[in-house]
Amino acid sequence: QAALKSHAKHPYPDWKAGEPVPYAALCTTFSLIELTTKRLEIMAHCSLFLQQVLRLTPEDLLPTVLLMVNKLAPDYAGIELGIGESLIMKAIGETTGRSLAVIKQDQKEIGDLGLVACKSRSTQPTMFKPKPLTVRGVHKGLMGIATVTGNGAQGRKVDGIKKLLAAADANNTGKIDINKDKGGPSEAKYLVRFLEGKLRLGLAEKTVIVSLAQAMVAHEAAQKGTVPSTADMEQGEALLKTVYSELPSYDVIIPAMVEHGIQNLKEHCKLRPGVPLKPMLAKPTKAITEVLDRFEGQTFTCEYKYDGERAQIHYVAKDTNEELSQSAVGASKEVGKGVAAIFSRNSEDLSKKYPDILEKLPTWVNEDTKSFVLDCESVAWDVKEKKVLPFQQLMTRKKKDVKAEDIKVKVCVFAFDLLYLNGEPVVQRSLRERRELLHKAFKPVEGEFAFATAMNGQELDEIQAFLEESVKASCEGLMVKMLDGEESGYEPSKRSRNWLKIKKDYLSGVGDSLDLVVLGAYHGKGKRTSVYGAFLLACYNPGTDTYETVCNIGTGFSEAVLEELYAQLSEIVIDRPKPFYAHSSGGQHQPDVWFEPRYVWEVKTADLTLSPRYKAGMREGVDPSGEKGISLRFPRFIRVRDDKKPDEATTSRQVAEMYRKQESVANSKGPAVDDDF
Ligand code: ATP
């Protein structure tokens with residue numbers, strides 16, 4: 001903050017005001033960030049650069065921030081690069097005139113494709129000087145690569161990458177030493193890392209948001225010739241964080257912030273139908289008494305925890321002056337007298353999966369309900385028996401291009417929260433109020449739409465009975481939520497202690513299942529020789545942006561599932577572990593094959609233990625010697641979690657929290673640690 005207040009300057013020389021931001025300037029920032037691990041320093045580098053962009057070329061702020069967070073567009077736009085390591089290697093080879101074999105050899109030795117690109121570039125004499133890359137040009141080029149479809153798409157993607165790589169480091173005439181300063185500000189290195197989906201700078205998205213707020217506050221103050229106070233900075237940070245959590249779209253927020261100023265942002269950037277929010281999530285608990293301890297002295301409510309798929313339904317009627325946000329148009333459909341869209345917990349478009357929900361939606365809405373954002377669970381429904389079916393049934397539904405008339409597995413929507421109603425966000429109201437609004441705005445239709453079954457009793461016996469009832473009704477257990485007061489507001493994107501989950505299965509286990517990323521596999525033996533027999537799994541550490549190994553797993557798979565997994569995983573085999581895999585290097589502990597980090601599996605475990613073989617939670621201080629990580633004992637495969645991306649896997653901190661909880665229960669040390677992650 002001191003650096004910001006004294007109007008410190010970013011080390012990259014100014015470019016002419018109004019000219020496109022040079023990509024080299026962004027890469028200088030990346031390099032400075034990469035060379036430190038101190039959060040405050042990272043933040044200062046980031047925000048000084050954003051200030052420079054604001055001062056000279058504010059219209060490039062959006063692509064700059066997007067490239068910093070390794071995104072091309074908001075998640076719900078569904079834009080993905082769809083490029084594997086082999087395509088990138090091909091492009092590097094073809095740009096630099098080196099053979100694929102040499103690139104592969106380099107990749108084996110160096111282990112970081114970004115550095116391989118940087119090394120390849122530095123040994124190649126340039127025939128002519130290409131035009132230097134700009135931030136907006138790189139964003140456009142990458143967008144072009146991501147949106148290529150149709151015949152020969154792969155070839156055209158490679159061409160797109162080659163074009164960018166050929167222009168990379170145009171101003172960098174000297175040799176780049178990859179052993180010095182981690183390759184320095186090489187553009188080729190960061191381009192390749194962006195393509196791989198990981199910049200690996202230790203720059204979390206939250207840090208970028210805070211830095212952006214600081215930059216804006218400092219920039220506005222500088223324009224007025226003043227210096228911002230710490231309070232101004234903190235207020236700006238809190239404001240931007242809240243706005244982003246309710247409207248997670250840089251495409252909307254950044255232009256509005258530049259135009260209207262950060263102080264007026266809330267007015268212009270409110271939660272709105274068409275921009276999906278990251279949902280509020282719950283903390284796991286192992287016992288009803290733990291729930292009672294947490295909510296002591298406050299009123300709470302229990303709801304059935306339905307086992308289906310989270311769905312966020314957005315709707316706007318045509319006869320209002322509201323519109324569904326432009327950016328969701330691709331995902332929306334006309335229904336009755338309005339337009340609607342459905343999003344997953346990942347903000348992905350579910351409209352094509354649930355045409356049946358969209359079709360019936362208008363019949364659940366009361367006359368006065370003109371626009372809403374509804375939080376609910378879509379659950380497989382047994383039409384004959386009139387009851388909930390297990391999650392496995394829902395999984396058999398097709399995911400895309402579903403035609404309403406072909407649907408075999410019917411769903412019933414169980415609504416449990418309302419985030420927006422008739423032109424107004426309601427997230428800050430208490431849950432009791434939101435529930436009242438929800439019940440007024442909608443009407444249940446048997447087997448199609450219902451309100452989550454709820455009970456407001458506060459006694460242990462009542463909760464116990466309600467839990468048993470929920471399990472009889474084929475639910476997973478209960479969600480227990482704060483009912484009144486400020487703390488009962490809806491907290492988008494937070495795993496909050498104001499929502500607790502009690503799952504019947506885990507009451508005597510570790511409290512919850514884990515969602516882990518598949519990093520590698522072992523060839524099967526005996527009956528399993530044609531498939532993988534066991535797998536290496538990892539949790540995610542958002543602080544270091546690494547995957548930390550947590551167990552090997554070979555239980556819970558049917559033969560059919562193993563075959564399916566083999567087919568899926570053979571497509572993403574890579575030659576060696578990614579540099580952001582934290583794994584044991586001992587020879588006998590290495591899996592036979594490594595994979596790109598793509599699939600997330602839900603796994604149950606008997607308990608957690610410390611082991612020198614795994615790396616999970618090593619930085620969380622659970623092992624005083626600092627040599628052991630946490631590992632799962634007797635892990636068991638439950639299902640593939642299609643609705644989670646690898647960086648949404650269970651975090652190292654959550655694993656450490658589960659371990660500590662287990663230890664504290666074993667040692668009767670009282671209530672467990674329960675902080676946010
Ligand atoms: P899980 O494996 O438990 O679904 P998760 O990480 O997906 O884990 P949690 O926060 O642990 O999410 O549990 C909340 C999930 O439970 C929600 O995402 C939602 O899909 C589902 N759910 C079912 N019933 C309810 C309810 N009444 N209130 C809130 N969420 C519910």
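Keep in mind the model is a prediction, meaning the values are calculated, not measured.

The rules behind the values
- Residues numbered from 1 in each chain as written.
- Predicted model: local features only at pLDDT ≥ 70, side-chain atom pairs only at ≥ 80, totals over all residues.
- Helix = DSSP H or I, 4+ residues; strand = E, 2+ residues; numbered from the N terminus.
- Buried ≥ 20, exposed ≤ 12 C-beta atoms within 10 Å, placed from the backbone.
- Contact = placed C-beta atoms within 7 Å.
- Near = placed C-beta within 6 Å.
- Arc of directions from axis to C-beta.
- Axes fitted to C-alpha atoms, helices over the stretch in contact; angles between N-to-C directions.
- Parallel < 35°, antiparallel > 145°, perpendicular 65-115°, else oblique.
- Left-handed = near helix turned anticlockwise from the far one by under 90°.
- Nonpolar A, V, L, I, M, F, W, Y, C, P; charged D, E, K, R; others polar.
- Pairing = 2+ DSSP bridges.
- pLDDT = per-residue confidence, 0-100.

Let us now look at the overall build of the protein. Looking only at helices and strands, one finds 21 helices and 23 strands in the protein. Expressed as lengths along the three principal axes of its C-alpha atoms, the size of the protein is roughly 75 × 70 × 55 Å. Relative to its 677 residues, the protein shows a buried fraction of 47%. Partitioning the intrachain contacts of the protein with sequence separation of at least 6 by distance along the chain shows that 73% fall at a separation of at least 24.

On to the site of the ligand, then. If you check the shell around the ligand, you find 14 residues, and the closest are Leu 281, Ala 282, Glu 303, Arg 310 and Phe 416. Broken down by secondary-structure element, the contributors of at least two residues to the shell around the ligand are strand S1 (281–285) and strand S2 (300–305). If you tally residues by element for the shell around the ligand, the top one is S2, at 3 residues.

Turning to unusual backbone geometry, a few remarks are in order. Its identity is not glycine, yet Lys 386 carries a phi of approximately 55°, on the positive side. Summarising the element assignment, Lys 386 is placed in the loop between strand S6 (371–382) and strand S7 (387–388). Under the C-beta neighbour-count criterion, Lys 386 is labelled exposed, with 10 such atoms within 10 Å. At Asn 422, a position not held by glycine, the phi torsion is positive, near 45°. Residue position: Asn 422 is located in the loop between strand S8 (410–421) and strand S9 (424–425).

A few words now on the environment of Ile 103. Among the structural elements, Ile 103 can be located in helix H6 (residues 100–110). A count of 23 C-beta atoms within 10 Å places Ile 103 in the buried class. Excluding its chain neighbours within four sequence positions, the residues that come into contact with Ile 103 are Met 89, Ile 92, Gly 93, Arg 98, Val 116 and Ser 120.

A word on helix H18 (residues 431–441). Within the sequence span of H18, burial applies to Leu 431, Arg 434, Arg 435 and Leu 438. The buried residues of H18 occupy one face: seen down the axis, they fall within an arc of 100°. The inward-facing, buried residues of H18 abut S2, S8, strand S10 (449–451) and strand S12 (477–482).

This paragraph deals with the packing of helix H5 (residues 85–96) against helix H9 (residues 153–167). One way to put it is that H5 packs onto H9 with a least axis distance of 9 Å and a crossing angle of 50°. In this view, H5 runs oblique relative to H9, as classed from their interaxial angle. Handedness of the H5/H9 crossing: right-handed. Taken together, the residues of H9 that come into contact with H5 (itself represented by Leu 87, Ile 88, Lys 90, Ala 91, Ile 92, Glu 94 and Thr 95) are Gln 154, Lys 157, Val 158, Ile 161, Lys 162, Leu 165 and Ala 166. Looking at the contact of H5 with H9 residue by residue, the class counts come to 8 nonpolar, 2 polar and 4 charged.

Each regular strand displays side chains that alternate between the two surfaces of the sheet. With 7 of 9 residues buried, strand S3 (residues 309–317) lies mostly within the body of the structure. The pairing of S3 with strand S5 (residues 338–343) spans 6 bridges and is classified as antiparallel. Within the sheet, the bridge partner assigned to Ala 317 lies in S5 and is Gly 338.

If you trace the 5 strands from one edge of the open sheet to the other, you get S1-S13-S12-S2-S11, paired in mixed fashion. Looking at the sheet topology across the chains shown, the edges are occupied by S1 and strand S11 (454–455). Against the sheet, helix H19 (residues 460–472) makes contact with S2, S11, S12 and strand S13 (495–503), and its axis sits at roughly 135° relative to S12, the strand it touches most.

This part is about the confidence of the model for the protein. The predicted coordinates should not be examined in detail at positions where pLDDT is low. Mean pLDDT for the protein: 89, with 93% of residues reaching 70 or above. Every residue in residues 668–677 is under pLDDT 50, and counting partners more than four places away or in other chains gives 16 contacts. If you check the scores for this complex, the pTM reads 0.83 and the ipTM reads 0.96.

This part is about the pairing of strand S14 (residues 514–523). When you tally the buried positions in S14, you get 8 out of 10 residues, the bulk of the element. Direction of pairing for S14 relative to strand S20 (residues 600–604): antiparallel, over a ladder of 4 bridges. Looking across to S20, one finds that Asp 515 is bridged to Glu 602. Pairing of S14 with strand S15 (residues 532–541) involves 6 bridges; the strand directions are antiparallel. When the sheet's bridge partners are listed, Val 517 is paired in S15 with Ala 538. Of the pairings in the sheet, the one linking S14 to strand S19 (residues 593–595) comprises 2 bridges and is antiparallel in character. For Ala 521, the partnering residue across the bridge sits in S19 and is Val 593.

Locating Lys 408 in the fold gives a position in the loop between helix H17 (391–395) and S8. In this structure the C-alpha to C-alpha distance between Lys 408 and Val 600, which are 192 residues apart in sequence, comes to 27 Å.

Once that is clear, we can look at the environment of Glu 296. In this structure, Glu 296 sits in the loop between helix H15 (288–294) and S2. A residue is classified by how many C-beta atoms lie within 10 Å of it, and Glu 296, with 8 of them, is exposed. As for Glu 296 and Met 618, which are separated by 322 residues in sequence, their C-alpha atoms are 33 Å apart.

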